[in-house]
Amino acid sequence: EVNAKSFIVRTVLARAYLGAGAFDDAFRTYEQAAALASDADRRALAGQFGFTAVGDGYMTAGRARDALRAYQKALELDPANAELPAKIAAARARS
């Protein structure tokens, strides 16, 4: 039996949304996953298959304000991520 509130279920669903270009759904689902995650899992959600990827998708779609929100969430989850300050600066410059 699969628990719909499971962290793993949420991350798989979010990745599917991300792959489909449904960035708003991916962002919302990653937020749900973050609420269920351990500290280590939260850091993983910040990376290239999580909020950073959502931000990159928003940037590609010309949605810099939404990208900024995703990058800031990624930085909140993983403050040591060295790539995020530049991504945040780029999103701010385009918004």
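Residues numbered from 1 in each chain as written. Predicted model: local features only at pLDDT ≥ 70, side-chain atom pairs only at ≥ 80, totals over all residues. Heavy atoms only, no water.

**A look at the packing of aromatic side chains**
The test is simple: Working definition: a ring pair exists when centres of Phe, Tyr or Trp rings (six-membered ring for Trp) sit within 6.5 Å. Plane angles under 30 degrees give stacked, over 60 give edge-to-face, the rest tilted. Runs of H or I in DSSP of at least four residues are treated as helices and runs of E of at least two as strands, each being numbered from the N terminus. Whether a residue is buried, partly exposed or exposed follows from its accessible area with a 1.4 Å probe, protein chains only, as a fraction of its type maximum: under 20%, in between, or over 50%, in that order.
All chains considered together, the criterion is met by three aromatic pairs. Ring plane angle 50° and centroid distance 5.7 Å describe the contact between Tyr30 and Phe51, whose orientation is recorded as tilted. Remark: Phe51 occurs in helix α4 (residues 51-60) and Tyr30 occurs in helix α2 (residues 23-36); sequence separation between them is 21 residues. The exposure classification of Tyr30 matches that of Phe51, with both residues buried. Taken together through their ring pairs, the aromatic side chains of Phe27, Tyr30 and Phe51 make up a single cluster.

**Quick word on helix α5 (residues 64-77)**
Applied cut-off: To estimate how far a helix should reach, multiply one less than its number of residues by 1.5 Å. Contacts are residue-level and defined by heavy atoms, with any inter-residue pair within 4.5 Å sufficient.
Compared with an ideal rise of 1.5 Å per residue, which puts 14 residues at 20 Å, α5 spans 20 Å between its outermost C-alpha atoms and is within 8% of the ideal. In the core, the buried residues of α5 are packed alongside α2, α3 (39-45), α4 and α6 (84-94).

**Some remarks on the side chain of Thr29**
Following the sequence through the fold, Thr29 ends up in helix α2. Here Thr29 is in contact with Arg10, Leu13, Ala14 and Tyr17, once residues within four sequence places are set aside.

**Quick word on α6**
Residues spaced three or four apart along an α-helix face the same direction, because each turn holds 3.6 residues. The criterion, for reference: Note that the arc is computed from the directions linking the helix axis to the C-beta atoms.
Of all the positions in α6, only Leu84, Ile88 and Ala91 are classed as buried. The buried residues of α6 occupy an angular sector of 65° when the element is viewed end-on, so they sit on one face. Those residues of α6 that are exposed and angled more than 90 degrees off the buried face are Ala86, Ala93 and Arg94. Among the structural elements, α4 and α5 are those in contact with the buried residues of α6.

**Observations concerning the nonpolar core**
Soluble, globular proteins show a tendency: their nonpolar side chains are buried together. How we decide: For this analysis, a nonpolar core means a set of buried residues of the types Ala, Val, Leu, Ile, Met, Phe, Trp, Tyr and Cys, connected via side-chain atoms within 4.5 Å.
In terms of nonpolar packing, the biggest core is built from 27 residues, with Leu18, Tyr30, Leu45, Phe51, Val54, Tyr58 and Tyr71 touching the most fellow members. Elements with a minimum of two residues in this core: α1 (7-19), α2, α4, α5 and α6. Here this core gets seven residues from one element, more than from any other, and that element is α5.

**What to know about the pattern of salt bridges**
Which entries qualify depends on this criterion: A carboxyl oxygen of Asp or Glu within 4 Å of a side-chain nitrogen of Lys or Arg is what we treat as a salt bridge.
Taken as a whole and judged by the stated rule, the model has seven salt bridges. Between Asp24 and Arg63 there is a salt bridge, with its nearest N and O atoms 2.7 Å apart. Pair noted here: Asp24 is in helix α2 and Arg63 is in the loop between α4 and α5, with a separation of 39 residues, a long-range link. Asp24 gets classed as partly exposed once you look at its relative accessible area, which sits at 38%. Relative accessible area serves as the criterion here: at 30%, Arg63 is assigned to the partly exposed category. Notably, a salt bridge pairs Arg63 with Asp66, separated by 2.8 Å at the nearest N-O pair.

Everything listed here is a matter of coordinates, which is why it stays silent on function.
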